[in-house]
Amino acid sequence: QVQLVESGGGLVQPGGSLRLSCAASGSIFTISTMGWYRQAPGKQRELVASITSGGSTNYGDSVKGRFTISRASAQNTVYLQINSLKPEDTAVYYCNAVLRTSQVTARRDYWGQGTQVTVSS
C-alpha cells in the first residue's frame, strides 16, 4: 500500500500565495518522479509541475515563473510554492508519484486524493 497525502490548499485572493505539500508513505522502494497536476471544473487534468529524483523540473506553460516545485527526497515529500495566484488557477490539485514498491515491480503512477485551491476576491 502506498499513500500520497496532500495539504496546504485553501481560499486565497488574487495575487496571493500558497504552499502545497505532499508526503508519500507505505511500501515504497524508489520514487523516480513526483509532481502536481490540477483539474478545474469541466476541464481535463493537466500537468502543473514535476521533479525527478535527480532534481530536473518540468512546468506547465501556464504556471512558469509563478510556481516552484521542490522535493525532499529523504522524506518522500514534494512541495509546490504557488505565487501570484490568478482566478484561473482555481482547481483541485493532485499529487502524483511514479514509483516502484519493490526491486522486481514495474514503476507505476500513484495519486493523492486532491486538495482544493480557490482563488477569489
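Given the structure is predicted, the values throughout are model-derived calculations rather than measurements. (Residues numbered from 1 in each chain as written. Predicted model: local features only at pLDDT ≥ 70, side-chain atom pairs only at ≥ 80, totals over all residues. Heavy atoms only, no water.)

Moving on, we get to the overall build of the protein. Secondary structure assignment for the protein yields zero helices and eleven strands. The helix and strand sequence of the protein, counted from the amino end, reads β-β-β-β-β-β-β-β-β-β-β. Taken against the 2.2 N^0.38 rule, which gives 14 Å for 121 residues, the C-alpha radius of gyration of the protein at 14 Å falls within 12% of a compact globule. In terms of principal-axis extent, the alpha carbons of the protein reach across some 50 × 25 × 25 Å. Counting only contacts in the protein whose residues sit at least 6 apart along the sequence, the fraction spanning at least 24 positions is 55%. Of the roughly 6,400 Å² that the protein leaves accessible, carbon and sulfur atoms contribute 46%. Placing the 11 positive and 6 negative side-chain charges of the protein at their respective mean positions leaves the two points 6 Å apart. (Helix = DSSP H or I, 4+ residues; strand = E, 2+ residues; numbered from the N terminus. Rg over C-alpha atoms; globule rule 2.2 N^0.38 Å. Contact = heavy atoms within 4.5 Å. Areas by Shrake-Rupley, 256 points an atom, 1.4 Å probe, with all protein chains shown as cover. Lys, Arg positive; Asp, Glu negative; His and termini not counted. Charge placed at Lys NZ, Arg CZ, Asp CG, Glu CD.)

This part takes up the pattern of salt bridges. Here the structure, examined in full by the defined rule, presents four salt bridges. The salt bridge partner of R38 is E46, with a shortest N-O separation of 2.7 Å. Note on E46: relative accessible area 34%, which makes it partly exposed. In this structure, D89 and R38 form a salt bridge, with 2.9 Å as the shortest nitrogen-oxygen distance. Remark: R38 occurs in strand β4 (residues 30–39) and D89 occurs in the loop between β8 (77–82) and β9 (91–100); sequence separation between them is 51 residues. R38 carries the same exposure label as D89, and that label is buried. Three or more residues are tied together by salt bridges with common partners; here these are R38, E46, R66 and D89. (Salt bridge = Lys/Arg side-chain N within 4 Å of Asp/Glu carboxyl O. Buried < 20%, exposed > 50% of the residue type's maximum accessible area, 1.4 Å probe, protein only.)

Right, let's talk about the state of the cysteines for a bit. One pass over the full model with this rule turns up one disulfide. Each sulfur of the disulfide joining C22 and C95 lies 2.0 Å from the other. Here C22 and C95 share a disulfide; its torsion about the S-S bond, -85 degrees, makes the bridge left-handed. Placement of the pair is C22 in strand β3 (residues 18–26) and C95 in strand β9, with a sequence separation of 73 residues. (Disulfide = S-S within 2.5 Å.)

Attention shifts here to the environment of G8. Residue position: G8 is located in the loop between β1 (2–7) and β2 (10–12). With a relative accessible area of 35%, G8 lands in the partly exposed category. Sequence separation between G8 and I51 is 43 residues; the distance between their C-alpha atoms is 19 Å. Excluding residues within four positions of it along the chain, G8 makes contact with L18, R19 and L20.

Here the focus is the nonpolar core. Core analysis: the biggest nonpolar cluster contains 30 residues, and W36, L80 and Y93 have the highest contact counts within it. Elements supplying a minimum of two residues to this core: β1, β3, β4, β5 (46–52), β7 (67–72), β8, β9 and β11 (115–119). Counting residues per element, this core draws most heavily on β9, which supplies five residues. Aside from chain neighbours lying at most four places away, what touches L80 is L18, R19, L20, W36, V48, A49, F67, T68, I69 and Y93. (Core = buried A, V, L, I, M, F, W, Y, C linked by side-chain atoms within 4.5 Å.)

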